[in-house]
Amino acid sequence: MFKRLLASLAGAAFIGAVGAGLPAQAQDYPTGPITVVVPFSAGGPTDTVTRLVAESMSKSLGQQVIVENVGGAGGTLGAARVAKAEPDGYTLLLHHIGMATSATLYRKLPYDPKAAFAPIGLVTEVPMVLVARKDFPPNNLQELITYVKEHKDEVTYANAGIGAASHLCGMLFMQAIETPLTTVPYKGTGPAMTDLLGGQVDFLCDQTTNTTNQIKAGEVKAYGVFADQRLANLPDLPTVKEGGLEGQSFAIWHGLYAPAGTPEPIVNKLSEALKAALADQTVIDRFAELGTAPVPADQATPAALQQKVTSEIDRWKPVIEAAGEYAD
Ligand code: ASP
C-alpha cells in the first residue's frame with residue numbers, strides 16, 4: 001500500500017511539474033537494469049526459456065535484463081517475491097502454468113494470482129516428456145506403468161515442488177495409473193535432472209527445454225510426450241496416448257508479469273519488447289531445437305495472459321480437487 005501511495009505521489013508530482021503526459025518513470029523507462037525472477041533453479045527449463053528471452057529483450061530495451069533464480073515451494077516463493085516488489089518495471093517474473101495450479105494447490109498462497117500481478121504477455125508453450133535414469137529397467141511406457149505399479153514402494157519420482165509443472169505432470173500420471181508414488185522435491189528440475197543423470201532418482205516428467213538434449217544424447221530413457229502429436233524435434237518419441245495412457249494433453253505455458261500497480265505505459269513497453277524477443281530469429285531457432293516455439297504476437301499481450309491465468313485456474317481446479325493434493 002505504502003509503495004503504491006509513493007508511486008502515485010511521484011506520478012502526481014511529475015504531472016504537476018510539467019503539466020501533462022506520462023509520469024517521469026514511465027516516460028524514461030528503463031533507465032537501469034531490469035531483474036526477471038525465475039521461480040526455479042538455474043539451469044532448468046524455465047531458466048533456459050527466460051535467459052533466451054531476457055537476452056533479446058535487453059537489446060530492444062537498451063538495458064540489461066538480469067535473471068535471478070528464486071526457487072522453492074513449487075515456484076510460489078519467487079512469485080511471492082515479485083508480488084511484493086516495487087511496481088516500477090524493474091522487477092519482473094517469468095512463471096509458467098504453476099501460476100494457475102498453485103491457486104488451488106495452496107491453501108494459504110501469500111498472493112492472489114489473478115490480482116497481484118500486471119500481466120505482460122504469454123511467452124511460449126512447452127511440451128512435457130516422461131524420462132527416467134538411463135538404467136531404469138522399463139523400456140517403454142507400458143513397461144514403465146507395470147514396473148512402477150509393481151515397485152511402488154521403491155521407485156522415486158522427482159519434481160520441483162507442489163505447483164511445479166513436474167508436480168502437475170506427476171500428479172496426472174499417478175492419477176491415471178491409480179498409484180501414488182514417493183516424490184522427491186527439488187527447487188527446480190535443473191537439479192532434479194542432475195540427480196536423474198546421476199541415478200539418485202528414478203524418473204521425472206519435465207519440459208522439453210530441459211530434456212531434449214539429454215534424450216538426444218541417450219543420457220536418459222524417454223517414454224512419451226504429453227501432447228496430441230509427436231514433436232518435430234523428437235520424432236521417434238511416441239505420445240503418451242500412443243503408449244496407452246489416456247488423460248490430459250497439456251503444455252506448460254509461460255508468461256511474463258510485473259507486480260500489480262506497474263504503470264500501464266511500462267507494461268506496454270515491456271509487452272512490445274517481449275514481442276520483439278519472440279520474433280528474434282535466434283530465440284525462434286533455439287526454441288525449436290528445444291521442442292517449443294514462441295506464442296503468436298497477439299498472445300504476447302497483457303489481455304491474453306490475464307485471460308490464460310483465469311481460464312487455467314478454472315481448468316485445473318476440479319482436476320486438483322479430484323486428486324486431493326494440497327499444500328499449506
Ligand atoms: N519449470 C521448472 C524449472 O524450471 C520445473 C517445473 O516446473 O517442474 O525448474
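Residue indices begin from 1 for each chain and proceed along its sequence in written order. For a predicted model such as this one, the threshold for reporting local features is a pLDDT of at least 70, and the threshold for listing and counting side-chain atom pairs is 80 or more; totals across whole chains, interfaces and linings nevertheless cover every residue. Note that water and hydrogens are dropped before the side-chain values are worked out from all heavy atoms of the structure.

Q: So what exactly am I meant to see when it comes to the site of the ligand here?
A: Neighbouring residues are identified by heavy atoms, a residue being near a molecule or strand if any of them is within 4 Å of it. As a matter of local geometry, the ligand sits amid F40, G44, P45, T46, H96, A160, A164, A165, S166, G188, T189 and Q207. The definition of a polar contact used here is a pair of N or O atoms within 3.5 Å, where within protein one atom must be able to donate a hydrogen and the other to accept one, and adjacent residues in sequence count solely through side-chain atom pairs. H96 places a polar side-chain atom, nitrogen or oxygen, 2.6 Å from an oxygen atom of the ligand. Within the side chain of S166, an N or O atom sits 2.5 Å from an oxygen atom of the ligand. Across the shell around the ligand, the residue classes break down as five nonpolar, seven polar and no charged. Asp, Glu, Lys and Arg are counted as charged, while Ala, Val, Leu, Ile, Met, Phe, Trp, Tyr, Cys and Pro are counted as nonpolar; the rest, among them Gly, fall into the polar class.

Q: Even after reading the chapter, I still don't get the nonpolar core, so can you show me in this structure?
A: Within soluble globular proteins, side chains that are nonpolar generally end up buried alongside one another. For the purposes of this section, nonpolar cores are sets of buried Ala, Val, Leu, Ile, Met, Phe, Trp, Tyr and Cys residues that join through side-chain atoms within 4.5 Å. Burial here depends on accessible area, computed with a 1.4 Å probe over protein chains only, as a share of the maximum for the residue type. Under 20% is buried, over 50% is exposed, and the range in between is partly exposed. With 90 residues, the main nonpolar core has F117, F173 and F203 as its most contacted residues. Any pair of residues with heavy atoms lying within 4.5 Å of one another is described as a contacting pair. Excluding anything up to four places from it in sequence, F173 contacts L130, L141, L144, I145, V148, F203 and L245. Core analysis: the next-biggest nonpolar cluster, separate from the first, contains 16 residues, A158, L231, L234 and L237 among them.

Q: What's the story with helix α4 (residues 76-83) in this structure? I'm lost.
A: The α-helix advances 3.6 residues per turn, and as a result positions three or four apart in sequence lie on the same side. Think of it this way: any DSSP run of H or I at least four residues long counts as a helix, any run of E at least two long counts as a strand, and we number them from the N terminus. Along α4, six of the eight residues are buried, which leaves the element largely enclosed by surrounding structure. Where α4 is concerned, the buried positions are T76, G78, A79, A80, V82 and A83.

Q: Would you explain the side chain of E312 in this entry?
A: Structurally, E312 is set in helix α12 (residues 302-323). Residue E312 is classed as buried on the basis of its relative accessible area, which comes to 6%. The contact partners of E312, leaving out residues within four places of it in the chain, are I97, A100 and W253.

Q: Would you mind going over the confidence of the model for the protein with me for this structure?
A: In low-pLDDT segments, the atomic positions of the prediction should not be examined closely. Across the chain, each position has a pLDDT score giving the predictor's confidence in that residue, from 0 to 100. Per-residue pLDDT for the protein has a mean of 92; in total, 93% of the residues score no lower than 70. Long-range and interchain partners of residues 1-21, a stretch whose pLDDT sits below 50, account for 17 contacts in this model, where long-range means more than four residues apart.

Q: Is there a simple way to think about the state of the cysteines in this case?
A: Any covalent bond linking the sulfur atoms of two cysteines counts as a disulfide. Cysteine sulfur pairs qualify as disulfides if the two atoms are within 2.5 Å. Summed over all chains, the structure comprises one disulfide. One disulfide bridge connects C169 with C205, the sulfur atoms lying 2.0 Å from each other. Classification of the bridge connecting C169 and C205 rests on its S-S torsion, roughly 60°, and on that basis the disulfide is right-handed. Pair noted here: C169 is in helix α7 (residues 165-176) and C205 is in strand β8 (residues 203-207), with a separation of 36 residues, a long-range link. In this structure C169 comes out as buried when scored by relative accessible area, which is 1%.

Q: How should I be thinking about the sheet that holds strand β5 (residues 128-133) in this particular structure?
A: A pair of strands is labelled paired if DSSP reports no fewer than 2 bridges between them. Strands sit in the order β7-β6-β8-β5-β9 across an open sheet of five strands; the sheet is mixed. Strands at the two margins of the open sheet, each flanked by one partner only, are β7 (182-185) and β9 (220-225). Between one strand axis and the next, the sheet turns through 30° on average, direction left out of account. Across four bridges, the pairing between strand β6 (residues 156-159) and β7 is parallel. Of the residues in β7, the one forming a bridge with T156 is T182. Between the N-to-C directions of two axes lies an angle of 0 to 180 degrees, each axis being a line fitted to C-alpha atoms and, for a helix, fitted only over the stretch in contact.

Q: Any chance you could explain the packing of helix α3 (residues 45-61) against helix α11 (residues 281-289) here in plain terms?
A: Look at α3 against α11: their axes get within 10 Å of each other, and the N-to-C directions meet at 170°. Accordingly, the angle class assigned to the pair α3 and α11 is roughly antiparallel. Counting all contacts with α3, which are made through V49, L52, V53 and S56, the residues of α11 involved are V283, R286 and F287. Of the residues that constitute the contact of α3 with α11, the class distribution is five nonpolar, one polar and one charged. Comment on the angle field: the value is read as roughly parallel under 35 degrees, roughly antiparallel over 145, roughly perpendicular from 65 to 115, and oblique elsewhere.

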